[in-house]
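Reading the structure
Letter by letter, the chains look like this.
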Amino acid sequence: MAKPWEFGVKVSVAVTNKESFVVGCRSMPNNPFDGHTLAETLEQTEILRGVAPKRCYADRGYKGAAIPGVQIFRSGQKRGVNTRTLKRELKRRSAVEAVIGHMKTDGRMDRCRLKGALGDALNAVLVAAGHNIRLLLRAMAILLRELLRRLLAMIGAGIQDQDFDPSMRAVA
């Protein structure tokens, strides 16, 4: 059975739409309304990335939030979602829940053992950094496997092109 409510500090997480990299993670003390935290989160994202987001996909808790220059789409929204790209990206918003779940379990964000508001902020940022490092390590492992596969294929092709004695081919 899930916990009926959670205690502690609210953490706002901004994630890229394609790769699910965390580009903004901020703790919000005093449990503010979700709609009031969106501007701060997008500001942090702009500072860290150097590029202001044009579109934001949020859950229904961000109802009423409006930021100039940013289109805000909420889950379940039908009005204004008229292109195939927007529909696909709005469905992708549900992947943020999985990222938050992984940050809670794998990154141990479910319980903060650091003291005070600064400890909460540090915990959130460090968990986000750990999530990004796990994604990068996974991508590097895939890249290394592909490089080794191609290298072995090139070596295998080079050996087959040589005119070896059949008994030597078995040794190679």
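Residues numbered from 1 in each chain as written. Predicted model: local features only at pLDDT ≥ 70, side-chain atom pairs only at ≥ 80, totals over all residues. Heavy atoms only, no water.

The next thing to look at is the overall build of the chain. For the chain, the count of helices and strands is five helices and four strands. Starting at the N terminus, the α and β elements of the chain follow one another as β-β-α-β-β-α-α-α-α. When the 172 residues of the chain are sorted by exposure, 28% land in the buried category. Sequence-distant contacts, at least 24 apart, represent 44% of the contacts inside the chain between residues at least 6 apart. With an accessible surface of roughly 12,700 Å², the chain has 58% of that area assigned to carbon and sulfur atoms. (Helix = DSSP H or I, 4+ residues; strand = E, 2+ residues; numbered from the N terminus. Buried < 20%, exposed > 50% of the residue type's maximum accessible area, 1.4 Å probe, protein only. Contact = heavy atoms within 4.5 Å. Areas by Shrake-Rupley, 256 points an atom, 1.4 Å probe, with all protein chains shown as cover.)

Right, let's get into the pairing of strand E2 (residues 22-28). Among the seven residues that make up E2, six are buried, leaving the element largely enclosed by the rest of the structure. Sheet topology note: the strand E1 (residues 10-15)/E2 ladder contains six bridges and is antiparallel. Directly across from Val13, in E2, lies its bridge partner Cys25. Count of turn residues in the E1/E2 antiparallel hairpin: six residues, of which Ser20 carries a positive phi of about 65°. (Pairing = 2+ DSSP bridges.)

Taken as a whole and assessed by the stated rule, the structure comprises three salt bridges. Across the pair Glu146 and Arg149 runs a salt bridge whose closest N-O atoms are separated by 2.6 Å. In this pair, Glu146 and Arg149 are both assigned in helix H4 (residues 116-161), three residues apart and thus about one turn of the helix distant. The partner of Glu146 in a salt bridge is Arg150, and the shortest N-O contact between them spans 2.9 Å. (Salt bridge = Lys/Arg side-chain N within 4 Å of Asp/Glu carboxyl O.)

It is worth spelling out helix H2 (residues 84-92) at this point. Buried within H2 we find Leu86, Glu89 and Leu90. One face of H2 carries all of its buried residues, which in axial projection span an arc of 100°. Across from the buried face of H2, at angles greater than 90 degrees, the exposed residues are Arg84, Arg88 and Lys91. The secondary structure elements touched by the buried residues of H2 are strand E3 (55-58) and strand E4 (71-74). (Arc of directions from axis to C-beta.)

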